[in-house]
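# Descriptive analysis of the structure
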Amino acid sequence: MLKKIQGLLKGTLKYLRYQLLFQYKLGWLYDLLIQIKNSLFGARVRLEASSVCQLQCPACPTGTGANRGGVIGWGFLKFEGFKKIIDENPRVKRVELSNWGEIFLNPDLPEIIEYAYIKGVRLEALNGVNLNNVSDETLEFLVKYRFDCISVSLDGATHETYKIYRQKGNLYTVIRNIKRINHFKSEYQSSFPKLLWQFVVFGHNEHELPKARKMAKELGMSFRPKLNFEPTYSPVRDERYVKIESGLHVASRDEFLRKRKRAYLCPCTQLWDSPQINWDGKLLGCCVNRIGDFGNVFELGLNGALNTEVFRYAKRMVLGIEPPREDIPCISCEVYRTRMESSA
């Protein structure tokens with residue numbers, strides 16, 4: 001019964017969040033609902049395990065090196081930092097570890113996975129991993145300590161196509177590592193971690209959508225096509241084909257915006273329900289913020305950082321309740337600007 005209530009509440013919040021926040025501007029009500037959810041079932045935060053990545057994806061600010069000198073930087077979440085946040089915030093029961101980098105490059109990851117299991121915290125990597133460089137021990141830890149779910153970035157069903165975007169990656173290595181995870185899942189008689197095949201649709205890989213979906217099924221993975229976030233890089237060629245084969249019914253994020261009257265992804269809701277923390281403790285608010293931070297969680301504590309004047313103002317600003325302010329990172333965000341222009 002408790003799981004049914006939890007599922008119902010989560011589903012309701014997910015369905016209503018855009019209406020409550022951006023249509024009716026009821027941030028206080030969404031805040032209240034999130035507080036109720038957190039008190040009953042635990043809170044969720046995003047905590048970057050690694051901003052370092054070994055691939056050189058041409059449209060990614062990590063792959064191009066753009067993130068190194070900015071607020072994101074180049075480094076790993078230390079075990080001590082993870083432990084500090086978990087110990088100081090017992091209501092945190094779910095943590096998303098992936099964001100700008102590759103979590104499996106973090107040398108402290110096995111220790112983080114084990115400690116999360118001990119403390120009853122469920123780990124996710126739904127922003128995506130490339131799964132090219134990972135030890136057998138870590139693959140076993142994912143299963144042994146019940147890592148909840150992982151989205152594997154696989155933008156191709158053949159190595160020749162995959163390597164066009166995931167430069168310096170190797171499809172055969174990724175498939176081998178997925179099979180090793182499945183081996184350990186069989187050995188431990190576990191359904192964890194749940195595996196998702198994330199396929200960013202480009203012009204150069206759209207023809208492999210059916211084959212990729214078939215391969216995902218054979219590997220026991222859910223298949224998740226995703227629209228390209230950089231429209232100038234390898235745009236889709238056959239829009240009708242992509243709409244049908246992806247099941248997304250649109251061929252670009254611009255088309256999604258025109259039809260749905262909102263952005264394809266709206267990370268602004270994360271300021272309320274799953275705030276993003278950088279690997280070095282900076283509170284970023286959402287997973288796309290590469291502009292500035294709202295204080296450091298390691299120094300101020302999670303609640304302290306979430307309750308600073310600047311962060312509270314940012315939440316009202318993204319709703320359009322308060323005017324833009326130069327010291328708020330959101331002012332330079334394309335998602336924020338697009339929404340403000342569409343609602344004007």
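Right, let's walk through the structure included here. (Residues numbered from 1 in each chain as written. Predicted model: local features only at pLDDT ≥ 70, side-chain atom pairs only at ≥ 80, totals over all residues. Heavy atoms only, no water.)

## Some remarks on the overall build of the protein chain
What the protein chain contains, in helices and strands, is 15 helices and eight strands. When its C-alpha atoms are laid out on the principal axes, the protein chain stretches across 50 × 45 × 45 Å. Sequence separation of at least 24 residues holds for 68% of the intrachain contacts in the protein chain that already meet a minimum separation of 6. Approximately 16,200 Å² of the protein chain is accessible, and the part contributed by carbon and sulfur atoms is 53%. (Helix = DSSP H or I, 4+ residues; strand = E, 2+ residues; numbered from the N terminus. Contact = heavy atoms within 4.5 Å. Areas by Shrake-Rupley, 256 points an atom, 1.4 Å probe, with all protein chains shown as cover.)

## So, the side chain of E255
Here E255 shows up in helix α10 (residues 253-260). Residue classification places E255 among the buried positions, given a relative accessible area of 7%. Beyond its immediate chain neighbours, meaning those up to four positions away, E255 contacts K243, H249 and V250. (Buried < 20%, exposed > 50% of the residue type's maximum accessible area, 1.4 Å probe, protein only.)

## Some details on the side chain of R44
With respect to the secondary-structure elements, R44 resides in strand β1 (residues 43-47). Judged by relative accessible area, R44 falls into the buried class, the value being 18%. Of the polar contacts made by the side chain of R44, one reaches the side chain of S274; its length is 3.5 Å. If we skip the residues at most four places from it in the chain, R44 touches K37, R94, E96, E124, D273, S274 and P275. (Polar contact = N/O pair within 3.5 Å; in protein donor to acceptor, adjacent residues only side chain to side chain.)

## Quick word on the packing of aromatic side chains
On inspection of all chains with the given rule, the structure shows ten aromatic pairs. Relative to Y233, the ring of Y165 lies with its centre 5.5 Å away and its plane at 55°, an arrangement referred to as tilted. Of this pair, Y165 sits in helix α6 (residues 159-165) while Y233 sits in the loop between β6 (222-227) and α9 (239-246); the two residues are 68 residues apart in sequence, bridging distant segments of the chain. An aromatic cluster is defined as three or more aromatic residues linked by ring pairs; in this entry it consists of Y117, F141 and Y145. The side chain of R68 reaches across the aromatic face of W74, ending 3.7 Å from its centre. The ring of W100 carries the charged tip of R290 above its face, separated from the ring centre by 5.8 Å. (Phe/Tyr/Trp six-rings, centres within 6.5 Å; stacked < 30°, edge-to-face > 60°. Lys NZ or Arg CZ within 6 Å of the ring centre and 35° of its normal.)

## Some remarks on the layout of surface pockets
Each pocket or cavity is described by its volume, and for the second largest pocket that value is around 750 Å³. Around the second largest pocket, the lining is made up of 30 residues, and of these D31, Q35, W272, L306 and K315 lie nearest the centre. Elements represented by at least two residues in the lining of the second largest pocket include exactly α2 (27-41), β1, α11 (270-273), α13 (302-306) and α14 (309-319). By residue number, the principal contributor to the lining of the second largest pocket is α2, which donates six residues. By residue class, the composition of the lining of the second largest pocket is 14 nonpolar, seven polar and nine charged. (1 Å grid on protein atoms, 1.4 Å probe; cavity = no way out; pocket = protein on both sides within 12 Å on 5 of 7 lines; lining within 4 Å. Points joined across faces, edges and corners; volume = space filled by probe spheres on them. Nonpolar A, V, L, I, M, F, W, Y, C, P; charged D, E, K, R; others polar.)

## A look at helix α8 (residues 209-218)
Within α8, burial applies to L209, A212, M215 and A216. Buried residues of α8, viewed axially, fall in a sector of 125°; they line one side. Away from its buried face, by an angle of more than 90 degrees, α8 presents the exposed residues K214, K217 and E218. Each element contacted by the buried residues of α8 is listed here: α7 (171-187), β5 (194-201), β6 and α9. Positive phi shows up at G220, right after α8, with a value of about 75°. (Arc of directions from axis to C-beta.)

## A word on the pattern of salt bridges
Where charged atoms from two side chains of opposite charge come close, those side chains can pair. Under the defined criterion, the tally for this structure stands at 19 salt bridges. The partner of D136 in a salt bridge is R180, and the shortest N-O contact between them spans 2.7 Å. Pair noted here: D136 is in helix α5 (residues 136-144) and R180 is in helix α7, with a separation of 44 residues, a long-range link. For D136, a relative accessible area of 37% corresponds to the partly exposed category. (Salt bridge = Lys/Arg side-chain N within 4 Å of Asp/Glu carboxyl O.)

## Some points on the sheet that holds β5
Within the open sheet, the eight strands sit side by side as β6-β5-β4-β3-β2-β1-β7-β8. Their pairing is mixed. Sheet topology places β6 and β8 (283-285) at the edges, where each strand pairs with a single neighbour. Where β1 and strand β7 (residues 276-277) come together, two bridges link them in parallel fashion. The partner of R46 across the bridge, within β7, is Q276. (Pairing = 2+ DSSP bridges.)

## Some words on empty space enclosed by the protein
Take a probe with the size of a water molecule and roll it over the atoms, and the empty space left behind shows itself. Counted by the stated rule, this structure contains one cavity of 30 Å³ or more. The calculated volume of the largest cavity comes to roughly 110 Å³. If you trace the largest cavity, you find it lined by C268, L271, L284, C286, V288, N289, I291, F294, P329, C330, C333 and Y336. Along the lines of polarity and charge, the residues of the lining of the largest cavity split into eleven nonpolar, one polar and no charged.

Function cannot be inferred from these measures alone, as they are strictly geometric.
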